[in-house]
Amino acid sequence: MEKIMILTTGGTIAMAEDEQTGSVQPLEADSLRSSLPLFDTYAQVEMEHVVNLPSPHITPATMYQISLRLAELLQLPEISGAVITHGTDTLEETAYYLDMVISSRKPVVVTGAMRSQNELGSDGPLNLVNAVRTAASPAARSRGTLVVFNDEIHAARWVTKTHTSNVATFRSPANGPVGTLTKKGVVFQHPVHRSPSLPHLPPVEDVYLIKAAAGTDDRLIQCALHAGCKGLVLEAMGQGNLPPGMLPGVKAALKRKIPVVLVSRCYNGFVEDTYGYEGGGKQLKEWGVIFANGLNGQKARIQLMAALHISRDPAVLQQYFHEFLPGA
Ligand code: ASP
């Protein structure tokens with residue numbers, strides 16, 4: 001039987017609802033230990049607690065902490081794969097970080113729950129069993145970090161939380177799931193195009209994510225510069241266009257050699273240098289703004305935090321933000 005390590009980090013999967021107040025609260029760190037017998041028919045499982053945090057409390061430094069322990073465990077010959085349990089709010093960021101910095105071919109699966117342990121229809125036990133099944137499957141090797149939820153397997157690079165409360169919250173809007181958990185098997189229907197591999201070092205702090213909206217100006221960008229920002233991610237409109245009011249801030253950042261990464265606030269599609277008007281993608285590209293495709297703002301931020309260890313040069317960074325298209 002394959003040996004799978006479960007690393008727990010908190011989240012709703014490790015919480016319960018107070019029947020009096022209805023509020024959902026963290027349980028003690030080893031509350032998931034009672035699920036161990038569920039895995040008996042699938043794998044030999046050991047559980048270890050890394051942190052016990054609601055995922056809005058997870059920071060890039062916590063992601064690094066998780067990744068260090070994970071890398072250590074994956075080096076052990078007796079371990080075939082690993083599962084990480086995590087709160088769903090920032091799950092996609094941790095999963096993407098692990099995808100970029102963990103070089104092992106062994107399966108790494110991130111899962112969680114939308115309903116806590118004592119809520120009706122609690123999805124934690126099934127997600128956890130499915131995550132262990134996936135991590136124990138030879139078919140999951142060399143596919144990077146995967147997210148397993150609601151009988152689906154998603155690539156860390158593409159998956160995002162799409163619903164505040166529905167158990168079918170994790171989706172990959174542009175590409176769909178890469179696999180399915182059937183009653184009997186772990187089936188991969190699509191290849192996974194891997195994320196860039198980046199240095200396994202503590203993510204660089206002070207990288208800010210700022211969203212464009214109708215009529216927004218550059219005051220938030222200027223604040224970020226004032227606060228000592230080391231990189232900026234801008235969630236632009238449509239194909240990658242900004243309101244003219246934001247441009248002085250973008251210019252100021254670039255003048256200070258602070259990398260500026262552009263993603264779209266649309267959850268589907270590509271940012272490209274299409275439009276030639278003021279603030280349009282053509283102008284931004286000419287200025288040296290880095291276009292990130294296939295990533296939402298929160299993942300582009302984590303990627304920039306990791307990629308800043310390689311370079312601050314936009315031309316170098318652009319290569320790491322290239323979208324790896326099927327067939328490309
Ligand atoms: N707010 C919770 C968290 O991210 C949501 C969850 O785990 O589903 O920790």
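Each chain has its residues counted from 1, running along the sequence as written. Local features are withheld for residues below a pLDDT of 70 in this predicted model, meaning they are given only at 70 or higher, and side-chain atom pairs are given and counted only at 80 or more; totals for whole chains, interfaces and linings count all residues. The basis for the side-chain values is all heavy atoms of the structure; hydrogens and waters are excluded.

**Q** Explain the overall build of the chain to me, and be specific about the residues and the numbers.
**A** Helix numbers and strand numbers start at the N terminus; a helix is a DSSP run of H or I with at least 4 residues, a strand a run of E with at least 2. A tally of helices and strands in the chain yields eight helices and 16 strands. It is over C-alpha atoms that the radius of gyration is taken, and the globule rule equals 2.2 Å times the number of residues to the power 0.38. Relative to its length of 328 residues, the chain is compact, with a C-alpha radius of gyration of 20 Å against a globular reference of 20 Å. A principal-axis box enclosing the C-alpha atoms of the chain has dimensions of 60 × 50 × 30 Å. Exposure categories follow from relative accessible area, calculated using a 1.4 Å probe and restricted to protein chains: below 20% of the type maximum is buried, above 50% is exposed, and the middle band is partly exposed. The buried share among the 328 residues of the chain stands at 52%. Counted over contacts in the chain with a minimum sequence separation of 6, partners at least 24 positions apart contribute 74%. Computed with the Shrake-Rupley method and a 1.4 Å probe, the accessible areas treat only the protein chains shown as cover for residues. Surface accessibility of the chain: about 14300 Å² in total, with carbon and sulfur atoms responsible for 52%. Residues scored as charged are limited to Lys and Arg (positive) and Asp and Glu (negative), so that His and the chain ends carry no count. Taken as the charge location is NZ of Lys, CZ of Arg, CG of Asp or CD of Glu. When the 28 positive and 30 negative side-chain charges of the chain are each reduced to one mean point, those points stand 7 Å apart. By definition in these notes, contact holds between two residues if any of their heavy atoms fall within 4.5 Å.

**Q** Provide a residue-level description of the site of the ligand, including the pertinent values.
**A** Put simply, a residue is near a molecule or strand once any heavy atom of it comes within 4 Å of that molecule or strand. Neighbouring the ligand are the residues G11, T12, P54, S55, P56, G87, T88, D89 and A113. Nitrogen and oxygen atoms within 3.5 Å of one another constitute a polar contact, given that in protein one can donate a hydrogen and the other can accept it, and given that sequence-neighbouring residues count only through two side-chain atoms. At 2.8 Å from a nitrogen atom of the ligand is found a side-chain nitrogen or oxygen belonging to D89. Calculation on the ligand without its partners gives an accessible area of 270 Å², and the protein chains cover 86% of this total. When grouped by side-chain class, the residues that make up the shell around the ligand number three nonpolar, five polar and one charged. Classes in brief: Ala, Val, Leu, Ile, Met, Phe, Trp, Tyr, Cys and Pro nonpolar; Asp, Glu, Lys and Arg charged; the others, Gly included, polar.

**Q** Help me get a handle on the UniProt feature "active site" (unreviewed entry) in the chain, residues and values and all.
**A** Mapped onto the present numbering, the UniProt feature "active site" (unreviewed entry) falls on T12 and T88. Annotated residues spanning 77 residues; largest pairwise C-alpha distance 7.6 Å, indicating a single compact cluster. Once residues lying within four places of it in the same chain are set aside, the contact partners of T12 are G87, A113, M114, R115, S116 and Q117. With respect to the helices, strands and loops of the structure, T88 is situated in the loop between strand 5 (81–85) and helix 2 (91–101). With relative accessibility at 5%, the residue T88 sits in the buried group. Apart from residues lying up to four places away in sequence, T88 is in contact with S55, A113, M114, F149, K161 and F170. UniProt positions are given in the numbering used here, feature names are shortened, and annotations may be inferred rather than shown by experiment.

**Q** Describe the sheet that holds strand 15 (residues 260–264), with residues and values.
**A** Judged by pairing direction, the sheet is parallel, and its four strands sit side by side in the order 13-14-15-16 without closing on themselves. Sheet topology places strand 13 (207–211) and strand 16 (290–291) at the edges, where each strand pairs with a single neighbour. For strand 14 (residues 231–236) and strand 15, the ladder comprises five bridges, and the chain directions are parallel. Bridge pairing links L234 to L262 in strand 15. A fitted line through C-alpha atoms serves as each axis, taken over the contacting stretch for helices, and the angle formed by two N-to-C directions is quoted from 0 to 180°. Most of the contacts of helix 4 (residues 219–226) go to strand 13, to which it runs at about 175°, and overall it touches strand 13 and strand 14. Helix 7 (residues 297–307) contacts strand 13, strand 14 and strand 15 of the sheet and is inclined by roughly 160° relative to strand 14. By this definition, two strands are paired if DSSP reports at least two bridges between them.

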